[in-house]
Every structure is written in structure tokens, then in C-alpha cells.
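# Topology and contacts: notes
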Amino acid sequence: MVRVAHLEIHKEEFSFSAGHFTIFSKTEREQLHGHNYYVSIAFKFAIKDNGLSFDYRDYKKKIQALCEQLDRYLLLPAHSEYLKLEEDGDYWIAHFNHKKLPFLKEDVVILPLTNITIEELSYWFLQKILEEKSIEGDGISGITVKVWNGPGQSGGASWGEI
């Protein structure tokens, strides 16, 4: 008989603070603001005969490293239909609704997303996890990553059987 279990990890160090604005349409966006984000990861897997699941230390290190990459930056989407980014020396110029928003390059992380939302951020974290590890080699059949931007509000992305 195969024993199946779930494991969820959400630690204090799985967090980052970042600025962003959500883009709603070609003419409407939020004001620039920030959040203290928190990340959790959950796995579905078969329990091995020795009572262990898999060595999840590498996954914890990866989530923490990804949070550190985003911490204290302004996040901008690279693939927005409504926001165009242009390099200008030490600046990124974001073009939105006939306006120019200049940001110092050293303060910005551009992500391969269409918007900076908790749904998109959870997808980014999941993709980064999937490209690093041999998931099937660890016996994992499903992963869900959630990104929280406050109590009671999260977005999640999943892979496999949940």
C-alpha cells in the first residue's frame, strides 16, 4: 500500500518586502506602494518505507534565496501588454498611459510576468522551483506555492496532482 502525505512549509524567512503597482487596464493602475510578502510551499508525495518523504532542505534554501532576490526592490513586469520598459542609462523608464515613470535600475527587479500580483508571483516562485530540482526523483507528485500580501489574502500556483 502506498502511503500519501502532504507537507507544507511556511517559515518567517520565506518573506520579502517589495514595491509594485497592479495594472488593471491600458489606462488604470494602482499607485506605487509596497507589501510585506510571505511565501509558503506545499508538497504531495509518497512516504517511503523508512518513514521519510524526501530531503526538503534544498527546497527551503531555494525559496529563501528567491525571497532575498526580491527583498527591498521595486518589482516590474517584463511582459505587460500595457506597460513598456525602456533602458535609459542608469534608469528604467516605464511607459504607461502616455506617462513616463523613471526608476533607478539599482532599485528594480524586472520579472518575466504580465503583472505584479500575488497570483503571478506565486507562478514565478513555482517555475523557479520546478527548473531547479528533479521533482519526480524526490517522489513528489504535486507542489503548490502561495504568496501572501497580508493576512487572509494569498494567490497560489500548482503543479502536478494536489
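Reading the values: the criteria
- Residues numbered from 1 in each chain as written.
- Predicted model: local features only at pLDDT ≥ 70, side-chain atom pairs only at ≥ 80, totals over all residues.
- Heavy atoms only, no water.
- Core = buried A, V, L, I, M, F, W, Y, C linked by side-chain atoms within 4.5 Å.
- Buried < 20%, exposed > 50% of the residue type's maximum accessible area, 1.4 Å probe, protein only.
- Helix = DSSP H or I, 4+ residues; strand = E, 2+ residues; numbered from the N terminus.
- Contact = heavy atoms within 4.5 Å.
- Pairing = 2+ DSSP bridges.
- Axes fitted to C-alpha atoms, helices over the stretch in contact; angles between N-to-C directions.
- Polar contact = N/O pair within 3.5 Å; in protein donor to acceptor, adjacent residues only side chain to side chain.
- Salt bridge = Lys/Arg side-chain N within 4 Å of Asp/Glu carboxyl O.

## Focus on the nonpolar core
- Of all hydrophobic cores here, the largest spans 33 residues; its most connected members are F16 and F125.
- In terms of residues, this core owes the most to one element, helix α2 (residues 118-132), which gives 6 residues.
- Not counting residues within four places of it along the chain, the set of residues in contact with F16 comprises H35, N36, Y37, V39, C67, L70, D71, L75, L121 and F125.
- Counting 11 residues, the second largest nonpolar core, distinct from the first, contains F21, A94, F96 and V108.

## Overview of the sheet that holds strand β7 (residues 99-104)
- Taken together, 3 strands build an open sheet; the order of strands is β5-β6-β7 and the sheet is antiparallel. Since the sheet does not close on itself, it has two edges, and those belong to β5 (84-88) and β7, each with one partner. Taken over all neighbouring pairs, the strand axes of this sheet differ in orientation by 25° on average, direction set aside.
- Bridge analysis of strand β6 (residues 91-96) against β7 gives 6 bridges, and the strand direction is antiparallel.

## As for the environment of R72
- If you trace the backbone, R72 turns up in the loop between α1 (57-70) and β4 (73-77).
- Take R72: its relative accessible area is 69%, and that puts it in the exposed class.
- In the structure, R72 is positioned 53 residues away from G19 in sequence and 7.5 Å away in space, judged by C-alpha atoms.
- At 3.3 Å, the side chain of R72 forms a polar contact with the side chain of D71.

## Focus: the pairing of β5
- Both β5 and β6 contribute to a ladder of 5 bridges, which runs antiparallel. Paired with D88 across the bridge in β6 is Y91.
- Counting the residues between successive antiparallel strands, the hairpin from β5 to β6 contains 2 residues, one of them, G89, with a positive phi of roughly 65°.

## Things to note about the environment of F14
- Mapped onto the elements of the fold, F14 is located in the loop between β1 (3-9) and β2 (15-20).
- Separated by 78 residues in sequence, F14 and W92 place their C-alpha atoms 28 Å apart.
- In contact with F14, not counting residues within four places along its chain, are I9, Y37, Y38, V39, K60, I63, Q64 and C67.

## Section: the pattern of salt bridges
- For the coordinates displayed, the defined rule picks out 5 salt bridges.
- Residues E161 and K44 are paired through a salt bridge, measuring 2.8 Å at the closest nitrogen-oxygen approach. Pair noted here: E161 is in the segment after β10 (153-160) and K44 is in strand β3 (residues 33-47), with a separation of 117 residues, a long-range link.
- The exposure class of K44 is buried, given its relative accessible area of 13%.

## Comments concerning the side chain of S80
- Topologically, S80 is positioned in the loop between β4 and β5.
- Polar contacts involving the side chain of S80 include one to the main-chain amide nitrogen of Y82, which spans 3.0 Å.
- The residues contacting S80, other than those within four sequence positions of it, are I23, L113 and T114.

## Regarding the side chain of T22
- Inspection of the secondary structure assignment puts T22 in the loop between β2 and β3.
- Accessibility expressed as a relative area gives 11% for T22, which makes it buried.

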